[in-house]
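If you want the building blocks of each chain, they are given just below.
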Number of protein chains: 2
Amino acid sequence: VRHAVILAGGSGTRLWPASRRARPKQLLALARPGESLVAAATAIGRAIAHDRVLLVTAEAQVEATRAMLPGIELLVEPVGRNTAAAVGLAGATLAQRDPDAVLAVLPADQHVTDRHGFERALDTALAAAEAEDVIATIGITPTRPETGFGWLELAVPSESNVTRAVEVLRFVEKPDRATAEAYVASGRYLWNAGIFCLRASRLLAELDVHLPATGRAVREIARDPSVARSLYPSLPSVSFDHGVMEKVSRIVAVPAAIGWDDVGSWAALPAMRGTDASGNTCVGATLVVEGHNNVIVSDDATLIATVGIDDLVVVKSGDAILVVHKDRAQEVRKVIDALSSKGLARYL
Amino acid sequence: VRHAVILAGGSGTRLWPASRRARPKQLLALARPGESLVAAATAIGRAIAHDRVLLVTAEAQVEATRAMLPGIELLVEPVGRNTAAAVGLAGATLAQRDPDAVLAVLPADQHVTDRHGFERALDTALAAAEAEDVIATIGITPTRPETGFGWLELAVPSESNVTRAVEVLRFVEKPDRATAEAYVASGRYLWNAGIFCLRASRLLAELDVHLPATGRAVREIARDPSVARSLYPSLPSVSFDHGVMEKVSRIVAVPAAIGWDDVGSWAALPAMRGTDASGNTCVGATLVVEGHNNVIVSDDATLIATVGIDDLVVVKSGDAILVVHKDRAQEVRKVIDALSSKGLARYL
C-alpha cells in the first residue's frame, strides 16, 4: 500500500533569522499565513496515501514538530546524514511492516500552489512505481531558467499534467544561465524537485547496489531502532539524487505544471506571497517610503521602515535582523558561519 | 555675570527611531557612550558660566531631562516657537534677575571633540560681548564643503582658535556644492553653528527692533510666568538666525577649529563615533559580512546582521527599525510624515 514520506530534517540556514536550529524553516508559515511548510507537505501526503504519513525529522525538532502535527508518526534521525540515509531509513522501516509498501517521498521545504494538480501527478507517479517497479519522479515544468536547481532531461518533449510517466534520459547538475535558458527553450528539460515514488523493495535493492553500507545499516535499524545511535553517524552523508538517482538505469518522470517552488531563500518569498504595486513583498509591521522590489518581514509589532530602498531583503525575527541584497540572498549562510566562529551561537 | 543658555527643545526627527517625541535626540548618548548631547552641552555651559546654566526645553521632555540633569534649572516652553522665541524667553528671564547678564547660547544637538578649545572660544566671545556690547558668534573653521549649514562671511581670512573676535560681513544661507567649495578655498567663510554670546540687554534691544511682538511677550512672561501659556503660542515661529542675526548691523565671530559637528542625521555618526577598517560605524550588537561604509546601530541585544551591504544606515531602536541609504539620511522625515498620516503615531 501507499505511504507518504516527508523529509523534514533540514536546517534551512538561508532563511535565518526566521529559521533557527530549534525552529527550522519547514516549521514556519512562510508560504501561506497560518500553515507551516511541513504541515502543507503532510496534508498532501495524507491525501495521496490515505493518512499513512511518516515524517523524518531531527531530534532538535521533534518537540516543535509533534506540537504542530499531533498524531503524525515521526522517524527521528540521531544526526543528519543527508537524504540518501533519510530516505533509506524510511524505506527500510516501512518495508519491515509492509513488504508491498510504495513510497511517495516529499521534501518539506517546498511550496505548491496547485495542490490538486500535485496530488494527481503523485497519483500518476505512484501508479507507475506500482505497475513497473520503477523510480517515478515528479518533473516540474520550468517557469524560468533557474540555475539553483538540478534538472531532468527527457528523451522527447512532453506536455505537462499528463496521466502517464515519460522516460528520463539523465539527471543534470545545476546549469549555468545560458544552459538553463536553452533547457527552457527545448521543452525537454524539467526541474528536479526531489519528489519521487518507488516501492520500498526497489529502494532497498538500489541502495544495495549503489550505497551498500547504507542499505545494510537502515535494515538493521528498522529491525532494532536502538542501534540507530551507533550505526547512523557512520553512514555516508550523500543526497539521494547523487548517491542513487543519477546511477539508476531507468527512471521515469511525470511532467507537472503545478506552481511548485522550493523555499530556498528569502528571494523566493515574492513568488509565494505576491507583491504590491511597487513590487514589494511586505509581511507584518512595515512601512516602505519610495522603495521597490523589496522583501520586508517583521515577526511582531516592531516596525521596519525604509526610505528610498530597492531590491533589499530586511527580516526581523526574534532577536535578530537580517539585511541583504535580494540577489545575494543565498549568502545568508555566511552569517551563520560568522556567528558560529565568533561565539554568537545563541543567535543560530 | 555670565550665564549659559542651552537650547534643548528640539524634536530631532531625522534621528528616528532612536529619537522619539518623549526622548528626542538631545537626550540620547549619540556622540559618546554614556553621555547625552544635552549633558555634554550642559557640562560646557557649567564650565564657562560658573554653574549658571538655564536649559530651555519642551513640556514633553521635562521629566526625562530632569531625571538626566538633576539640579539644572529648566525653562519650559508651553509650545515650540523656534529659536528666536526660546532665546528671547531665556534672555528676558535672566535680565529680570540680573540686568548685567551676559549669555552664551548653545544648541544641545551638537558634538565637539575639543572641549577645552570650545571653552576658550566661548570665553573669547563672552569677553567681546561684554567689552563691546556686540553679538559674538563662534564660527567653525570648515572641514568640508557642507551644503546643509548656513555660513558666516568674514571681511578678511582669519586663523582659527585666535584670542579675539573678527568682523562678520554677513550671514549666508545654505550654499550649493560649488559655492561651498569656493567658501572652503577662500578661507573667509566659517560654519554658522548657532552658538553666540551677547548681553541680555542687547538681546532684548535687538528683539525690540526686529521682532517687537516677541520682545514684548518674553518680557511679560519673565515678569509673570503664568501668562506663558496664553502669550507664547501666538509668537512668530522664526529662527534667531533669520529673525535677528541676519538683520543686526554688527556681528563678530571667534573662528574655532574644535572638531564641531551638528548631530543632524544618522550620516553624522561616523564623524563622532569613528569607523572600523571597512569604514563601518557599528554600535551595539552588529555583524557586518562583506560590507563597507555602513552606519549600523542596535539599542539592545537584537543582532543586526548584514551581508554584502555598503553605504546603508540600519538602526534598531525600541519597537522600530530604519533602513535608508546614507546619502538620503535627511529623508527620514518622510517616515515621520507617513507614520502620522497612517495613524501609526505610536512609533513617533
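Residues numbered from 1 in each chain as written. Chains lettered and ligands numbered in written order. Predicted model: local features only at pLDDT ≥ 70, side-chain atom pairs only at ≥ 80, totals over all residues. Heavy atoms only, no water.

### Concerning the interface of chain A and chain B
Put simply, the test is: Residues are treated as being in contact if the distance between any of their heavy atoms lies within 4.5 Å. By buried area we mean how much accessible surface two parts lose on assembly, using a 1.4 Å probe and totalling the loss over both. We count a salt bridge whenever a side-chain nitrogen from Lys or Arg sits within 4 Å of a carboxyl oxygen from Asp or Glu. Strands are runs of DSSP state E lasting at least 2 residues, helices are runs of H or I lasting at least 4, and numbering of each runs from the N terminus. Ten residue types, Ala, Val, Leu, Ile, Met, Phe, Trp, Tyr, Cys and Pro, are classed as nonpolar, four, Asp, Glu, Lys and Arg, as charged, and the remainder, Gly among them, as polar. Pairing between strands is defined by DSSP: at least two bridges between them are needed.
The interface of chain A with chain B comprises 32 residues on the first partner and 32 residues on the second. When the two sides are added together, the surface that chain A and chain B hide from each other amounts to roughly 2,700 Å², 70% of it contributed by carbon and sulfur. Our enumeration of links across chain A and chain B arrives at 4 salt bridges. When residues of the side of chain A that touches chain B are traced back to their parent elements, those giving at least two are strand S13 (286–289), strand S15 (303–307), strand S16 (312–317), strand S17 (320–325) and helix H11 (333–341) of chain A. For the side of chain A that touches chain B, the leading source of residues is S17(A), giving 6 residues. A breakdown of the residues in the side of chain A that touches chain B according to their chemical character gives 21 nonpolar, 4 polar and 7 charged. Bridge count between S17(A) and strand S15 (residues 303–307) of chain B: 5 bridges; the pairing is parallel.

### Topic: the relation of the copies chain A and chain B
Put simply, the test is: Alignment of copies: least-squares fit on C-alpha atoms of residues with pLDDT of at least 70 in both copies.
Of the two same-sequence chains, chain A is brought onto chain B (RMSD 0.1 Å, axial shift 0.0 Å) by a rotation of 179 degrees. Such a turn and shift between the copies fits a two-fold axis. Same-surface contact between copies: 100% of interface residues of chain A are shared with the interface of chain B.

### A few points about the environment of B:Val315
Residue and element names in this part refer to chain B. Applied cut-off: Relative accessible area decides the class of each residue, using a 1.4 Å probe on protein chains only: under 20% of the type maximum gives buried, over 50% gives exposed, and in between gives partly exposed.
One can find Val-315 in strand S16 (residues 312–317). Residue Val-315 is classed as buried on the basis of its relative accessible area, which comes to 1%. In this structure, the C-alpha to C-alpha distance between Val-315 and Ile-304, residues 11 residues apart in sequence, is 8.5 Å.

### Concerning the packing of aromatic side chains
Defined as follows: We call Phe, Tyr and Trp rings a pair once their centres come within 6.5 Å, taking the six-membered ring for Trp, and we label the pair stacked below 30 degrees between planes, edge-to-face above 60, and tilted otherwise.
With the rule as written, the count across this model stands at 14 aromatic pairs over all chains. Between B:Trp151 and B:Trp191, the ring centres sit 6.4 Å apart and the planes meet at 90 degrees, which makes this aromatic pair edge-to-face. Taken as a pair, B:Trp151 in strand S7 (residues 151–154) and B:Trp191 in strand S9 (residues 189–199) lie far apart in primary sequence, 40 residues in all. The class for B:Trp191 is buried, based on a relative accessible area of 0%. Clustering of aromatic rings is evident, with ring pairs tying together A:Phe149, A:Trp151, A:Tyr183, A:Tyr189, A:Trp191 and A:Trp260.

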